[in-house]
Amino acid sequence: MTVTTDAPGKLPTPAEEARLWALIEAAWAELGDEPLALRQALIESDPADDDDDDGPSYAIDAWLDAFLDRLGHLTAELTGQELTDLDRVVERKLHDIDREDIHEVTDGSDDGFLYARGFIVALGRAYYEAVCANPAMALLDADCEGMCYLFAHLHNDRFGSWPETGSGISRESFGNPAGWSA
């Protein structure tokens, strides 16, 4: 379950969200069976049992750069508007999991917590939803900084400008008032 706020601004459409998750799955699928198995193991894991530094929780790290490269390749022909739409979805997903209960598991500074949330998004919809439902599924010190602004950087590289998502929210850490106790 995703927590959303009443922040004004443009929201991602269901089709834009579906496109993001489909692209993420396609990028992972291009990498073969091993990372798919590692991601599945994370989704099925019991958070209380995974204390081992060589388990699937950290083995997936070796695949993150290749995943981001594949995701960039899959979006190479997208328009500026399509990249902006994807960036808006990522921004919203990062904002929605900017929550105290998830931070308690992942820990991290402002940037560290943002990168931890980038990791959660990068692993795909099933893992994202698992963490939303049970923050204990998140991992301490896991990060995927590249996912946090991937589509914004691609937009800037290809079109010479930073995308304007129109969402009125921030993906930065501690920016979702609904996710933090007063």
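Scroll up for the structure.
A quick note: this is a predicted structure, and the numbers were derived from the prediction, not measured.

*Asks:* An account of the pattern of salt bridges is needed here, citing residue identities and associated values.
*Replies:* Per the stated rule, a full pass over the model turns up 11 salt bridges. With a closest N to O distance of 2.6 Å, arginine 39 and glutamate 25 form a salt bridge. One end of the pair, arginine 39, is in helix H2 (residues 33-44); the other, glutamate 25, is in helix H1 (residues 14-29), with 14 residues separating them in the sequence. Residue classification places arginine 39 among the buried residues on the basis of a relative accessible area of 6%.

*Asks:* Got a sec to walk through the side chain of aspartate 98? Specific residues and values, please.
*Replies:* Tracing the sequence through the fold places aspartate 98 in the loop between helix H5 (80-96) and helix H6 (100-106). Of note is the side chain of aspartate 98, whose polar atom sits 3.0 Å from the backbone nitrogen of asparagine 176. Leave out the neighbours within four places in its chain, and aspartate 98 touches Phe113, Arg117, Glu172, Ser173, Phe174, Gly175, Asn176, Gly179 and Trp180.

*Asks:* For the state of the cysteines, give the residues involved together with the corresponding values.
*Replies:* By definition, a disulfide is the covalent link that joins the sulfur atoms of two cysteine residues. Considering all chains together, one arrives at 0 disulfides under this definition. Of all cysteine sulfurs, the one in cysteine 148 lies closest to cysteine 144, which takes part in no disulfide; the gap is 7.0 Å. What makes cysteine 144 buried here is its relative accessible area of 3%. Relative accessible area serves as the criterion here: at 1%, cysteine 148 is assigned to the buried category.

*Asks:* Please set out the nonpolar core residue by residue, giving values where relevant.
*Replies:* Within the largest apolar cluster, 46 residues are counted, with the highest numbers of intra-cluster contacts made by Ile24, Trp28, Phe67, Leu71, Phe119, Met147 and Phe151. Those elements that place two or more of their residues in this core are H1, H2, helix H4 (64-74), H5, helix H7 (110-122), helix H8 (125-133), helix H9 (145-148) and helix H10 (150-159). At 7 residues, the largest contribution of residues to this core is made by H7.

The rules behind each value
- Residues numbered from 1 in each chain as written.
- Predicted model: local features only at pLDDT ≥ 70, side-chain atom pairs only at ≥ 80, totals over all residues.
- Heavy atoms only, no water.
- Salt bridge = Lys/Arg side-chain N within 4 Å of Asp/Glu carboxyl O.
- Helix = DSSP H or I, 4+ residues; strand = E, 2+ residues; numbered from the N terminus.
- Buried < 20%, exposed > 50% of the residue type's maximum accessible area, 1.4 Å probe, protein only.
- Polar contact = N/O pair within 3.5 Å; in protein donor to acceptor, adjacent residues only side chain to side chain.
- Contact = heavy atoms within 4.5 Å.
- Disulfide = S-S within 2.5 Å.
- Core = buried A, V, L, I, M, F, W, Y, C linked by side-chain atoms within 4.5 Å.

Keep in mind these values describe shape, not function.
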